[in-house]
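Results of the structural survey
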Amino acid sequence: MKLWVETDSVHSAGRSVRAKVSEMTADINQKALARGTRAVNALRNAELNVLKGERSGEPRQKYPYKSMYRPSIPGEPPARRTGNLRMHWNGQVKKGASSGNGVEIIAELESQEPYAAALENGTSKMEPRPFVEKIKEEAAPEIHRIYSEPYT
């Protein structure tokens, strides 16, 4: 970084320094928001990976179709029957509360399927099929790498 003053006036030098610091802060905040988008993408990729593949339940017929699928057992992520849970997610980056010159970035991925919470937490008739923590665990190394990159 270069910072120079082309005048003898102390007031002008102070303004120049403040302007440069403000410019650098805005640049870093913009880069942090961009990293939030990359973190959402990492969450989405982890979600696609966690919710794919075969499960270990007894094979069943897909209603109303004749094709078969293997459902999940309690404790496994939900099996893909229709594919709706796997495909209907919205990701967004929110700019949270600022402290000093810093900015809080919230990377969020949310299922749009109304039954997602029932699968995650279970119901009176069904044991939980947790997947949220597995998605976070799979995405964590990539997200850590994204936010550990230098701001140069």
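Not measured: the values here are computed from a predicted model. Counting restarts for each chain: residues are numbered from 1 in the order of the written sequence. Local features in a predicted model are, by the rule used here, given only for residues with pLDDT of at least 70; side-chain atom pairs are given and counted only at 80 or more, and totals for whole chains, interfaces and linings are based on all residues. The basis for the side-chain values is all heavy atoms of the structure; hydrogens and waters are excluded.

**Observations regarding the overall build of the protein chain**
Counting its regular elements, the protein chain contains four helices and four strands. Strands here mean DSSP runs of E at least two residues long; helices mean DSSP runs of H or I at least four residues long; both are numbered from the N terminus. Along its sequence from the N terminus, the protein chain presents helices and strands in the succession α-β-β-α-β-β-α-α. Rg of the C-alpha trace for the protein chain: 24 Å, well past the compact-globule value of 15 Å for 152 residues, more than 25% over. Taking the principal axes of its C-alpha atoms as reference, the protein chain extends roughly 85 × 25 × 25 Å. A simple rule labels every residue: compare its accessible area, found with a 1.4 Å probe on the protein chains alone, to the largest value its type can have, and call it buried under 20%, exposed over 50%, or partly exposed in between. Taken over 152 residues, the protein chain has a buried fraction of 26%. The atom set for the radius of gyration is the C-alpha atoms, and the globule formula is 2.2 Å times the number of residues raised to the power 0.38.

**Digging into helix α4 (residues 132–148)**
Each residue after the first adds 1.5 Å to the expected span of a helix. The first and last C-alpha atoms of α4 sit 23 Å apart over 17 residues, in line with the 24 Å expected at 1.5 Å per residue. The axis of α4 is deflected most strongly, by about 45°, at Ala140, and proline Pro141 appears within four residues downstream. Here α4 has its buried residues at Ile135, Ala139, Ile143 and Ile146. To obtain the bend at a residue, axes are fitted to the seven residues ending there and to the seven starting there, and the angle between these axes is taken.

**Some points on the side chain of Glu120**
As for its placement among the helices and strands, Glu120 is situated in helix α3 (residues 116–121). Here Asp and Glu are counted as negative and Lys and Arg as positive; His is not counted, and neither are the chain ends. In the sections that follow, a salt bridge refers to a side-chain nitrogen of Lys or Arg positioned within 4 Å of a carboxyl oxygen of Asp or Glu. Despite its burial, Glu120 pairs with no opposite charge, the nearest such side chain being Lys134 at 7.9 Å. Here Phe131 takes part through its backbone nitrogen, which lies 2.7 Å from a polar atom of the side chain of Glu120. The contact rule is simple, with two residues in contact once any of their heavy atoms fall within 4.5 Å. When residues no more than four places from it in sequence are discounted, the contact partners of Glu120 are Pro128, Arg129, Pro130, Phe131 and Val132. N or O atoms closer than or at 3.5 Å make up a polar contact, with two conditions inside protein: a donor-capable atom paired with an acceptor-capable one, and, for residues adjacent in sequence, both atoms drawn from side chains.

**Some remarks on the layout of surface pockets**
The gaps left among the atoms become clear once a water-sized probe is rolled over them. In this structure, the largest pocket spans a volume of roughly 480 Å³. When contributions to the lining of the largest pocket are tallied by element, the ones reaching two or more residues are α2 (84–87) and α3. Among the elements that take part in the lining of the largest pocket, α2 stands out by supplying three residues, more than any other. Any residue with an atom within 4 Å of a point lines the site, the site being either a cavity, points on a 1 Å grid over the protein atoms alone where a 1.4 Å probe fits but cannot get out, or a pocket, an open set with protein on both sides within 12 Å along at least 5 of 7 lines. Grid points are joined across faces, edges and corners, and a volume is the space filled by probe spheres set on the points.

**Some remarks on the nonpolar core**
In this structure, Leu43, Leu51, Leu85, Trp89, Phe131, Ile135 and Ile143 are the most contacted members of the largest nonpolar core, which totals 16 residues. Contributions of two or more residues to this core are made by α1 (10–50), α3 and α4. When residues of this core are assigned to their parent elements, the largest contribution, five residues, is made by α1. Residue contacts for Ile135: discarding those within four places in its chain leaves Leu43, Ala46, Glu47, Val50 and Trp89. In this text, buried Ala, Val, Leu, Ile, Met, Phe, Trp, Tyr and Cys residues form a nonpolar core when linked through side-chain atoms within 4.5 Å.

**What to know about a nonpolar patch on the surface**
On the surface, Ile28, Tyr147 and Tyr151 cluster together to form a nonpolar patch covering roughly 240 Å² of accessible area. Among the secondary structure elements, Tyr151 is positioned in the segment after α4. Without a salt bridge and with relative accessible area above 30%, a residue can belong to a patch; like charges are then joined within 9 Å and nonpolar side chains (Val, Leu, Ile, Met, Phe, Trp, Tyr) within 5 Å. Only the protein chains shown count as cover for residues, with accessible areas throughout obtained via the Shrake-Rupley method and a probe of 1.4 Å.

**Some points on the packing of aromatic side chains**
What describes a pair of aromatic rings is the distance from one ring centre to the other and the angle between the planes of the rings. Aromatic rings from Phe, Tyr and Trp, taking only the six-membered ring of Trp, are treated as a pair when their centres fall within 6.5 Å; an angle between ring planes under 30 degrees marks them as stacked, one over 60 as edge-to-face, and anything in between as tilted. For the structure on display, the rule yields one aromatic pair. Seen in terms of ring centroids, Trp89 and Phe131 are 6.3 Å apart; in terms of plane orientation they differ by 90°. Their pairing is edge-to-face. Separated by 42 residues along the polypeptide, Trp89 in strand β3 (residues 89–99) and Phe131 in the loop between α3 and α4 bring together distant segments of the chain. For Phe131, a relative accessible area of 2% gives the class buried. When the NZ atom of lysine or the CZ atom of arginine is within 6 Å of a ring's centre and also within 35 degrees of its normal, the charge is said to sit over that ring. Between Arg35 and the ring centre of Tyr151, over which it is positioned, the NZ or CZ distance is 3.7 Å.

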